[in-house]
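Next come the chains, spelled out residue by residue.
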Amino acid sequence: MELNQPEAKHKNSESLFEIENLEVSFSRAGVETFAVNGVSFSLKAGETLGIVGESGSGKSATCLAAMKLLPSTIAHIKSSQMRIDGLEFSAFSERQMRDIRGPKIGMIFQDPMSSLNPVLSVGVQITEAITAHQNINRQEAEAEAVKLISKVGIPQPATILKRYPHELSGGMRQRIVIAIAIALKPRLIIADEPTTALDPTIQSQVLELLKDIIKQSNSALIIISHDFGVVAEMADQILVMYGGKIVESGPTESLLNSPRHRYTKALLACLPTGDMHGKTLHSIEGEPPDMKLKPSLCSFAPRCTNSIPACMIDPCDMKHDNVETGRQYLCHNPVEYGVRTNEY
Ligand SMILES: Nc1ncnc2c1ncn2[C@@H]1O[C@H](COP(=O)(O)OP(=O)(O)OP(=O)(O)O)[C@@H](O)[C@H]1O
Ligand SMILES: [Mg+2]
């Protein structure tokens, strides 16, 4: 994964997926919300990119905009570039997007119940996903669906085909959603909080399944999560979002061991550690940013205990640790490299 910030703009020919300078705003009843403010990143085949950040930071809006799944009546999307597998699709029409959604990018949503149709059997839903894009008959599509169901680890796939979503457990439903997402062998899977609704044992099984799928198919995965634990386990690279911007990014281990942005450090300090008996969890003081204001200065500065005068006056450019570490952060007064405490 590589951030393509203005001062480091160089195209990576190996990139499987690239977004450059994405902006998303919503207009409702004359009020504008600036949900995504200049987000750029790329990732290569085989890579998993984790996106973390608190609620409302623009994680879903970033991915839904890439899939053009935001309501066009209220959402305004601008980007310099969106590219999958060498194909530039930022100006694609709804009709052209049908060749992207499914065959190129598969999407897994947080709540499997809302992404499955309750009145259709899972067999019909998987075969429809296949026949919408492939010229094969129903029997062949059903045989393909059986293979997919067993690939996502559900026993007796032929029986499962006849079941309706409400007849399956939460974990099974999420596996069916994954089967639909991978039915057309997409190059990229975007999973938005794929395990939040599942209990911990099922959560780790579903994450393992996603890992296996990416490894076997040499595709790429973007996983969005509130949970640093999930992202730490899955991702090669992490993007931290705040106020609709990427405030920090880099290889997972380096970023977790030595956060440079004050917000990343604060988020990590909020994680439970070892024996929490009798201890209270940290939380970040203050209010999340007002997304009705387009940010020019650091949106975290009002909550930051280490802000300096420049934070309130000067817009910050993305800083690079060096090419080898691949670490980038948007902070005037970053944490020193190698410092990790539970305070911020
Ligand atoms: N359909 C919409 N209409 C109006 N505003 C929206 C819409 N979808 C998102 N927003 C706003 O855009 C901002 C970013 O929302 P987004 O859903 O991307 O956050 P998120 O980081 O995915 O949060 P969460 O962790 O809660 O899922 C928020 O201020 C949100 O209120
Ligand atoms: Mg979201």
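Attention here is on the structure that accompanies the text. Treat the numbers as computed from the prediction; the structure is a model and nothing was measured. (Residues numbered from 1 in each chain as written. Chains lettered and ligands numbered in written order. Predicted model: local features only at pLDDT ≥ 70, side-chain atom pairs only at ≥ 80, totals over all residues.)

**Some points on the site of ligand 1**
Okay, so step 1: Close contacts around ligand 1 come from 15 residues, with Ala35, Ser55, Lys59, Ser60 and Ala61 the closest.
Okay, so step 2: Looking at the shell around ligand 1, the elements that each hand over two or more residues are strand S1 (15–28), strand S2 (31–44) and helix H1 (59–66).
Okay, so step 3: Among the elements that line the shell around ligand 1, the one with the most residues is H1, at 3 residues.
Okay, so step 4: Classifying every residue of the shell around ligand 1 gives 5 nonpolar, 8 polar and 2 charged. (Near = placed C-beta within 6 Å. Helix = DSSP H or I, 4+ residues; strand = E, 2+ residues; numbered from the N terminus. Nonpolar A, V, L, I, M, F, W, Y, C, P; charged D, E, K, R; others polar.)

**Things to note about the packing of helix H4 (residues 122–131) against helix H5 (residues 138–151)**
Okay, so step 1: Where H4 meets H5, the closest approach of the two axes is 9 Å, and the angle between their N-to-C directions is 115°. In terms of orientation, H4 and H5 fall into the roughly perpendicular class. As H4 packs across H5, the resulting crossing turns out to be right-handed. Listed contacts from H5 to Gly123, Ile126, Thr127, Ile130 and Thr131 of H4 are Arg138, Ala141, Glu142, Glu144, Ala145 and Leu148.
Okay, so step 2: In terms of residue class, the contact of H4 with H5 is built from 5 nonpolar, 3 polar and 3 charged. (Axes fitted to C-alpha atoms, helices over the stretch in contact; angles between N-to-C directions. Parallel < 35°, antiparallel > 145°, perpendicular 65-115°, else oblique. Left-handed = near helix turned anticlockwise from the far one by under 90°. Contact = placed C-beta atoms within 7 Å.)

**Structural notes on the sheet that holds strand S11 (residues 245–251)**
Okay, so step 1: Spatially, 8 strands are ordered S7-S8-S9-S3-S10-S11-S13-S12 in an open sheet, and the strand pairing comes out mixed. The strands lining the two open edges of the sheet, one partner per strand, are strand S7 (105–108) and strand S12 (319–320).
Okay, so step 2: Relative to strand S8 (residues 188–192), S7 runs parallel, the two being bridged by 4 bridges. Counterpart to Ile105 in the pairing with S8 is Leu188.
Okay, so step 3: Sheet strands touched by H1: strand S3 (48–52), S8, strand S9 (220–224) and strand S10 (237–242). Its angle to S9, the strand with the most contacts, is close to 145°. (Pairing = 2+ DSSP bridges.)

**Here's the deal with helix H8 (residues 200–217)**
Residues three or four positions apart in an α-helix share a direction because the helix packs 3.6 residues into each turn.
Okay, so step 1: Between its first and last C-alpha, H8 extends 26 Å over 18 residues, near the 26 Å set by a 1.5 Å rise per residue.
Okay, so step 2: Of the positions making up H8, those classed as buried are Val206, Leu210 and Ile214. The arc enclosing the buried residues of H8, seen along the axis, measures out at 75°, which places them on a common side. Turned more than 90 degrees away from the buried face of H8 sit Thr201, Lys215 and Gln216, all of them exposed.
Okay, so step 3: Looking at the buried side of H8, the elements it contacts are S3, helix H7 (170–182), S8 and S9.
Okay, so step 4: Phi for Asn218, located one or two positions after H8, is positive at around 50°. (Expected span 1.5 Å × (residues − 1). Buried ≥ 20, exposed ≤ 12 C-beta atoms within 10 Å, placed from the backbone. Arc of directions from axis to C-beta.)

**Digging into the packing of H7 against H8**
Okay, so step 1: Viewed as axis vectors pointing N to C, H7 and H8 meet at an angle of 15°, and their least axial separation amounts to 10 Å. Looking at the two axes, H7 sits roughly parallel to H8. Where H7 crosses over H8, the two elements pack in a sense that is right-handed. Within the contact between the two elements, H7 uses Gly170, Gly171, Gln174, Arg175, Ile178 and Ile182 and H8 uses Ile202, Gln205, Val206, Leu209 and Ile213.
Okay, so step 2: When the residues that make up the contact of H7 with H8 are grouped by side-chain class, the tally is 6 nonpolar, 4 polar and 1 charged.

**What about the nonpolar core?**
Okay, so step 1: Judged by nonpolar contacts, the single largest core of 85 residues is most densely connected at Ile126, Ala179, Leu188, Ile222, Val240 and Val247.
Okay, so step 2: Setting aside its immediate chain neighbours within four residues, Ile126 contacts Ala145, Leu148, Ala179, Ile180 and Ala183. (Core = buried A, V, L, I, M, F, W, Y, C linked by C-beta atoms within 7 Å.)

**Overview of helix H11 (residues 262–269)**
Okay, so step 1: When you tally the buried positions in H11, you get 7 out of 8 residues, the bulk of the element.
Okay, so step 2: Burial in H11 covers these residues: Arg262, Tyr263, Thr264, Lys265, Ala266, Leu267 and Leu268.
Okay, so step 3: The inward-facing, buried residues of H11 abut helix H9 (228–234), S10, S11 and helix H10 (252–257).

**Digging into the environment of Ile284**
Okay, so step 1: Along the chain, Ile284 turns up in the loop between H11 and helix H12 (309–313).
Okay, so step 2: Note on Ile284: 17 C-beta atoms within 10 Å, which makes it partly exposed.
Okay, so step 3: The sequence separation of Ile284 and Cys270 amounts to 14 residues, and the corresponding C-alpha distance is 7.5 Å.
Okay, so step 4: Excluding residues within four positions of it along the chain, Ile284 makes contact with Ala266, Cys270 and Arg303.

**A few points about the environment of Ile222**
Okay, so step 1: When you line up the elements, Ile222 lands in strand S9.
Okay, so step 2: Using a count of 26 C-beta atoms within 10 Å as the deciding quantity, one classes Ile222 as buried.
Okay, so step 3: Apart from the residues lying within four places of it in its own chain, the contact partners of Ile222 are Leu49, Ile51, Cys63, Leu188 and Ile190.

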